[in-house]
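Structure assessment
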Amino acid sequence: MDKYRVKPGTKIKLSDYDPEDKTQFSGGKKEAKARLAELIQRLGELQEVLYAEHKHKILVVLQALDTGGKDGTIRAVFNGTNPQGVHVASFKVPTPEELDHDFLWRVHAQVPGKGELVIFNRSHYEDVLVVRVHNLVPEDVWRKRYAQIRDFERMLAEEGTTILKFYLNISMDEQKKRLQERLDDPKKRWKFNPGDLKERALWDDYVSAYQDAINETSTKWAPWYVIPANSNWYRNLAVASVIVQALEDLNLQFPEPAEALDKIVIQ
Ligand code: AMP
Ligand code: MG
């Protein structure tokens, strides 16, 4: 899945990334389901060791345009993990109190501690995306944020955090299909937000904002992955593969017992 990692210093064009791409998996949907089941199980095992070792911190950032599949990814990829040690932080329109602080204030409060895995469902990136597209702050304010984000994430990484950032890349046609499903399917209607249509009209502005954010902040310590996301199964497989590989690379270990346990006799 290294194909999807945005190498630091390169300037990518999102139009070069095909939302339908499936080249990194040789099987079809059926084989993918079996492979995903293995990855989910492995992620569960690794997360248990992560929690037990109480050393590393894992931060997964999920960003996408509306209907991009953030919720579905969370449901599918993390369903083998233990809720003790894993949590999802969702970032909505900031409250008045949050707006009275710097943009990273509410974000910093949610980052993982030792042994924890935290998933950001939206994130500090909204402050260079929706905020930029809607001119919620002047340009000289949001422009500085790229460097502020790089510095913030480097600090987290130096403090033991593995940061993985995913942009779930859907096409405009796929969004149309998904919005229509939300209108048609009684079980999905609760997700339909008429405001999403206004955002859809700003599609090109969002894509430009995403492209700049990714180019400005894909670093060695906090890389971005542009994940083809028109197909749910491929998206889930890609995200799960990247996370499992990152955890494997940490060489997680159960902690050594404090004393020789073989001498202990339980009466
Ligand atoms: P949802 O994820 O569908 O529940 O929607 C959350 C909404 O909050 C989205 O429309 C985001 O763009 C918005 N949002 C999140 N963070 C910010 C932010 N920092 N400033 C303005 N809007 C935000
Ligand atoms: Mg929404």
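Just so we're clear, the structure is a prediction, and the values are computed from it rather than from any experiment.

Criteria and thresholds
- Residues numbered from 1 in each chain as written.
- Chains lettered and ligands numbered in written order.
- Predicted model: local features only at pLDDT ≥ 70, side-chain atom pairs only at ≥ 80, totals over all residues.
- Heavy atoms only, no water.
- Helix = DSSP H or I, 4+ residues; strand = E, 2+ residues; numbered from the N terminus.
- Near = heavy atom within 4 Å.
- Polar contact = N/O pair within 3.5 Å; in protein donor to acceptor, adjacent residues only side chain to side chain.
- Areas by Shrake-Rupley, 256 points an atom, 1.4 Å probe, with all protein chains shown as cover.
- Pairing = 2+ DSSP bridges.
- Axes fitted to C-alpha atoms, helices over the stretch in contact; angles between N-to-C directions.
- Contact = heavy atoms within 4.5 Å.
- Core = buried A, V, L, I, M, F, W, Y, C linked by side-chain atoms within 4.5 Å.
- Buried < 20%, exposed > 50% of the residue type's maximum accessible area, 1.4 Å probe, protein only.

Turning our attention to the environment of Val 6. Summarising the element assignment, Val 6 is placed in the segment before α1 (29-53). Spatially, the C-alpha atom of Val 6 lies 26 Å from that of His 87, the residues being 81 residues apart in sequence.

Around ligand 1, the neighbouring residues are Phe 91, Lys 92, Val 93, Pro 94, Arg 106, Arg 122, Glu 126, Asp 127, Val 130, Val 131 and Leu 136. Within the contact set of ligand 1, an oxygen atom lies 3.1 Å away from a side-chain nitrogen or oxygen of Glu 126. For ligand 1, the accessible surface in isolation is 500 Å², of which the surrounding protein chains cover 73%.

In this section: the sheet that holds strand β3 (residues 117-121). Read across the sheet, 5 strands follow the order β2-β3-β1-β4-β5 without closing on themselves; strand pairing throughout is parallel. If you trace the sheet from one side to the other, it starts and ends with β2 (86-90) and β5 (224-228), each paired once. Taking each pair of neighbouring strands and ignoring which way they run, the sheet shows an average axis angle of 20°. Alignment of strand β4 (residues 161-169) against β5, held across 5 bridges, turns out to be parallel. Across the sheet, the residue bridging to Leu 168 is Ile 227, located in β5. Each of β1 (57-64), β4 and β5 is contacted by helix α9 (residues 203-217), which is oriented at about 140° to β5, the strand it contacts most. The sheet strands contacting helix α10 (residues 232-249) are β1, β4 and β5, and the helix crosses β4 at an angle near 165°.

Moving on to the nonpolar core. Judged by nonpolar contacts, the single largest core of 74 residues is most densely connected at Val 60, Phe 78, Phe 120, Phe 166 and Ile 243. Per-element tally for this core: the top contributor is α10, with 11 residues. Ignoring any residue separated from it by four or fewer positions in sequence, one finds Phe 120 in contact with Leu 59, Val 60, Val 61, Leu 62, Ala 89, Phe 91, Val 107, Gln 110 and Val 111.

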